[in-house]
Amino acid sequence: MAITTAQSPFRTDPLTGLRIDLTAQALVKVNAVLAVVFLLVGGTAGLLVALTRWPAVHLLPADLFYMALTAHGIVALMVWIIFFEIAVLYFVASTLLSCRLAAPKLAWTQVVLMVVGAAMTFVAILQGDSSVMMTSYVPMNAAPHFYLGLILFAVGALIGCGVFWGTLVIAAEEKTYEGTLPLTVYGCVIATIIAVFTIASGAIILIPTFLWSLGLIKSIDPMMYRVIWWAFGHSSQQINVTAHITIWYTVAGLAFGAKPMSEKVSRTAFLLYICFLQFGSVHHLLSDPGLSSAWKIFNTSYMMYLAVLASLIHGLTVPGSIEVAQRRSGLNNGLFEWLRKCPWGNPVFSSTILSIIIFGFIGGVTGVVMSVEQVNMIIHNTIYVPGHFHGTVAGGTTLAFMGLTYYLIPVLFQRQVIMKPLAALQPWLFGIGTSIFAIAIMGAGTLGVPRRHWDVTFAGQALGFEWPGMAQMMLAIGEIGGVIAVLGGALFCVIVVGSILIGEPVPANAKNIVAPPADAGGHKEIGMGGFEAPGTFILAMVLFVTLVLYYFVNFKYLATLWTLT
Amino acid sequence: MGYSFTAPAKNWATEPIERTEILWIVIAGSWCLFMFCWMIAWHWIGNQNMANEAYKTTPEAYAKKVEEFTAKYTVRQDKSDPSLPVVAPPPGSDVYLAASRWQWRPIVEFQKGKSYRVHISSLDWDHGFSLQPENINFTAYPGYDAVVTMTPNKTGTFGIVCNEYCGIGHHTMLGRIYVKE
Ligand code: HEM
Ligand SMILES: [Cu+2]
Ligand SMILES: [Cu+2]
């Protein structure tokens, strides 16, 4: 017995009371640090792109612009996010279930494959003949190692999912937890199931494309490529959504002692993702030829919007659970006392709440509207599209991940976060910068300004024309917002790396940082008019009205166009 | 017990759902159903729909159609770019537009209020058809001939911008449509 204790690879964390497997801890740290390093790389590329798209600055020449844009898309969207997600998976499976991590050797293989893959693709991009954008639509071609790097990266990610599942199996066999899987773990299971579908689609399209780039396959049909590529590209975004919503729920628990308003509702909503998310791939093909309207409508609506419904549900239940927890702890006055008295200066909380708001109001509202078959015609491939998805992946996913990072630094690295006042500011800088960026370039996109475009002034072009002054102004404002966001992103990287390297060690007598369960607060009669979360309901109705109005505004605009039949 | 990250209570599956959630699910669910129906309904009540009419073709075959079409209806060379013919097809006819690196050809001239069957395809890579300032956007593939029937409701000079990235000359890829009374 004494011997097993001596060899015990676990430590008990004083801040959370969690039993942490040291191997898992090392792997979570490595994946998370790599993620942050890649965020810095991706963000730098983003800055270069933004400074070029700002017409008054127009920093890079065309070839470097398209190179930087390809790098930004791949590094920010795939590499940063997926490394972080793997870190979350390992943390959740091992630490939350007090279990050892399955197959550590395989997990290290995951790290190596993903690093090698990302580096290979990145080098291919820097070599200059692979500026094909992350979508790499055939018959445009990149160097073979551009595709090979992506394939290796995806294999690594798949192994990461396997390690996660293996850990769940061990946890179940060794009975390291009791009862049903916690919602956080359940959310991660959903994310990995979507990930397997995603990676399978990626393999189906990228492996032939790799062979084609080597000259082993003669041609790849452009329509087939886009349909399958988006089965991969779209689903991977649904992994992000599932992951960051899981983090919302988790942070609500950590920071407020909240529990889901109804486990049944939240779990069913997650289940809807598995059933219907994949249909959404067609959002990206709505203005493409050769696909029937019936097929487009069925798919773009995620089969009658059931996956949208799921997101709307999470959008209510997460803040709702915070409201209930706050009210149970005594903040039960009026509609919004619970909200006013939230810890707005705590970056864990502010990142999360900003992520919820930006994802809902900017990413969500616009996503639902632009994926209407007909409305897509006035939005497709304009700079509106990057506006929308910076609302989802930058303001939504990235910000949620930042919040969790602030929580995990003291737990995993046993260091305190440095520069506390700047850390309190950072989520606001990134969140507000991203919002300005997203909203303003959506404005420019509504006026037709194209995405992925080096020179919208069309200098020296015989057929060139001038955009409305409003569009030009929106572009400038947007890119200024982009620069603010980059400052916020850079500050995040500095704080994280700085805390790990020079942060004060967490004192031995530090008090637990997990909020006590709100149920213990003892306040049973909460809420107003029979509603436990009336404030959240009002906020949800604001979102609802925004969505409905914006929906019809777009149809009104659409109705003024040339007749198209 | 009692957190989102700990095991739920034993009776989680039978616990009653709170009012706030039920009401929201009903409201959100109804709206989802409405949006689904509206998108279908717009095919009848709206004037802007993609026909999704498309044919398999080859770049060679399509280029030939564009040439024939251009030869048949050219009325002048364009003032802004004298190397480009301006083609004025009769209302109701088939119009062939070709995207290739890095140009939309030919320039066409329409009459307001008249309908044209506009074919869109690419001769090499994917390209974008973005009509400005109307802001109507489609993707053009090589090998697929897509048809949209267009009826201009305004006169003027309309630019076609390529908004699907198509290589280093992407930002120089433009075209034009004139609409006269
Ligand atoms: C840090 C602040 C950021 C800035 C200033 C920024 C800026 C930009 C700009 C200007 C574009 C080009 C739009 C166009 O010309 O089409 C772009 C594209 C993109 N960004 Fe960001 N971005 C930021 C953060 C992020 C993050 C965090 C992610 C992902 C998590 C992300 C993912 C993407 C993707 C996927 C594209 C599309 C690339 C493509 O069209 O192939 N960005 N970004
Ligand atoms: Cu083009
Ligand atoms: Cu182009």
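See the structure above.
Residues numbered from 1 in each chain as written. Chains lettered and ligands numbered in written order. Predicted model: local features only at pLDDT ≥ 70, side-chain atom pairs only at ≥ 80, totals over all residues. Heavy atoms only, no water.

Q: An account of the overall build of chain B is requested, with residue identities and associated values reported.
A: A count of helical and extended segments in chain B gives two helices and 12 strands. Its helices and strands in sequence order give chain B the pattern α-β-α-β-β-β-β-β-β-β-β-β-β-β, from N to C terminus. The C-alpha radius of gyration of chain B comes to 24 Å, more than 25% above the 16 Å expected for a compact globule of 181 residues. Referenced to the eigenvectors of the C-alpha coordinate spread, the extents of chain B come out at roughly 80 × 40 × 30 Å. Taking all 181 residues of chain B together, the buried fraction comes to 56%. Put simply, 57% of the contacts in chain B that link residues at least 6 apart link residues at least 24 apart. Of note, chain B has its 16 positive side-chain charges centred 6 Å away from the centre of its 17 negative side-chain charges. (Helix = DSSP H or I, 4+ residues; strand = E, 2+ residues; numbered from the N terminus. Rg over C-alpha atoms; globule rule 2.2 N^0.38 Å. Buried < 20%, exposed > 50% of the residue type's maximum accessible area, 1.4 Å probe, protein only. Contact = heavy atoms within 4.5 Å. Lys, Arg positive; Asp, Glu negative; His and termini not counted. Charge placed at Lys NZ, Arg CZ, Asp CG, Glu CD.)

Q: Residue-level account of the coordination of the copper ion (ligand 2), with values.
A: All names here are of chain B. For the copper ion (ligand 2), every protein donor is listed as H127 (ND1), C162 (SG), C166 (SG) and M173 (SD), and the spread of their distances is 2.0 to 2.4 Å. The site at the copper ion (ligand 2) holds four donor atoms, and with the angles between them running 92 to 130°, its shape is tetrahedral. Each donor residue of the copper ion (ligand 2) lies on the same chain, and together they follow the pattern H-x34-C-x3-C-x6-M. The metal-metal distance between the copper ion (ligand 2) and the copper ion (ligand 3) comes to 2.6 Å, with C162 coordinating both. Residue C162 is located in the loop between β11 (156-161) and β12 (174-180), and its partner M173 is located in the loop between β11 and β12; the two are separated by 11 residues in the primary sequence. Accessibility classification places C162 together with M173 in one group, the buried group. (Donors = N, O, S within 2.8 Å, 3.2 Å for Na, K, Ca; no water. Tetrahedral: all angles 85-135°; square planar, octahedral: opposite > 155°, others 65-115°.)

Q: Mind laying out the coordination of the copper ion (ligand 3), listing which residues take part and the relevant values?
A: At this site the copper ion (ligand 3) is bound by C162 of chain B (SG), E164 of chain B (O), C166 of chain B (SG) and H170 of chain B (ND1), with donor distances of 2.0 to 2.4 Å. If you list the donors of the copper ion (ligand 3) from N- to C-terminus, the spacing comes out as C-x1-E-x1-C-x3-H.

Q: Can you tell me about the sheet that holds strand β6 (residues 107-111) of chain B, naming the residues and giving the values?
A: Sheets are built from strands paired through backbone hydrogen bonds, the pairs being either parallel or antiparallel. Residue and element names in this part refer to chain B. Reading across the sheet, the seven strands line up as β2-β3-β6-β12-β11-β8-β9 and stay open at both edges, with mixed pairing between neighbours. Both edges of this open sheet fall to β2 (74-77) and β9 (136-140), since each of them pairs with a single strand only. Across this sheet, the average inter-strand angle for adjacent strands is 25°, counted without regard to direction. (Pairing = 2+ DSSP bridges. Axes fitted to C-alpha atoms, helices over the stretch in contact; angles between N-to-C directions.)

Q: Outline the site of ligand 1, listing residues and values.
A: Residues and elements named next belong to chain A. Of all residues adjacent to ligand 1, which total 26 residues, the nearest are R53, H72, H390, R451 and R452. The separation between an oxygen atom of ligand 1 and a polar side-chain atom of R53 is 2.9 Å. In this structure, H390 approaches ligand 1 through a side-chain N or O atom, which is 2.8 Å from a nitrogen atom. If you list the elements that add at least two residues to the shell around ligand 1, you get α2 (22-53), α3 (62-95), α13 (384-413), α14 (420-446) and α15 (469-502). Of the residues assigned to the shell around ligand 1, the class counts are 16 nonpolar, six polar and four charged. (Near = heavy atom within 4 Å. Polar contact = N/O pair within 3.5 Å; in protein donor to acceptor, adjacent residues only side chain to side chain. Nonpolar A, V, L, I, M, F, W, Y, C, P; charged D, E, K, R; others polar.)

Q: Break down the pairing of β11 of chain B for me, with residues and values.
A: Residue and element names in this part refer to chain B. Relative to β11, strand β8 (residues 127-132) runs antiparallel, the two sharing three bridges. By the bridge assignment, Q132 is partnered in β11 with G159. Pairing of β11 with β12 involves six bridges; the strand directions are antiparallel. Its bridge partner being in β12, V161 is matched across the sheet by L174.

Q: Provide a residue-level description of the pattern of salt bridges, including the pertinent values.
A: One pass over the full model with this rule turns up 18 salt bridges over all chains. A salt bridge links E532 of chain A to R328 of chain A, with the shortest nitrogen-to-oxygen separation between them at 3.8 Å. In this pair, E532 of chain A is assigned in the loop between α15 and α16 (534-559) and R328 of chain A in helix α10 (residues 302-328), connecting sequence segments 204 residues apart. The class of R328 of chain A is buried, set by a relative accessible area of 15%. In this structure, E134 of chain B engages K154 of chain B in a salt bridge whose closest nitrogen and oxygen atoms are separated by 2.9 Å. With E134 of chain B in the loop between β8 and β9 and K154 of chain B in the loop between β10 (144-151) and β11, this residue pair connects regions lying 20 residues apart in the sequence. Salt bridges here are not isolated pairs; linked through shared partners, they connect R226, D288 and R452 of chain A together with D126 and E164 of chain B. (Salt bridge = Lys/Arg side-chain N within 4 Å of Asp/Glu carboxyl O.)

Q: Break down the interface of chain B and chain A for me, citing the residues and quoting the values.
A: Taken residue by residue, the interface counts 88 residues in chain B and 111 residues in chain A. Both faces combined, the contact of chain B with chain A buries some 8900 Å², and carbon together with sulfur accounts for 66% of it. A per-residue breakdown of the area chain B buries against chain A is headed by F5, W24 and Y165 of chain B, which together make up 10% of the total. At the junction of chain B and chain A, the tally comes to four salt bridges. Across the pair D221 of chain A and K56 of chain B runs a salt bridge, and its minimum N-O distance is 3.1 Å. (Buried area = accessible area lost by both parts, 1.4 Å probe.)

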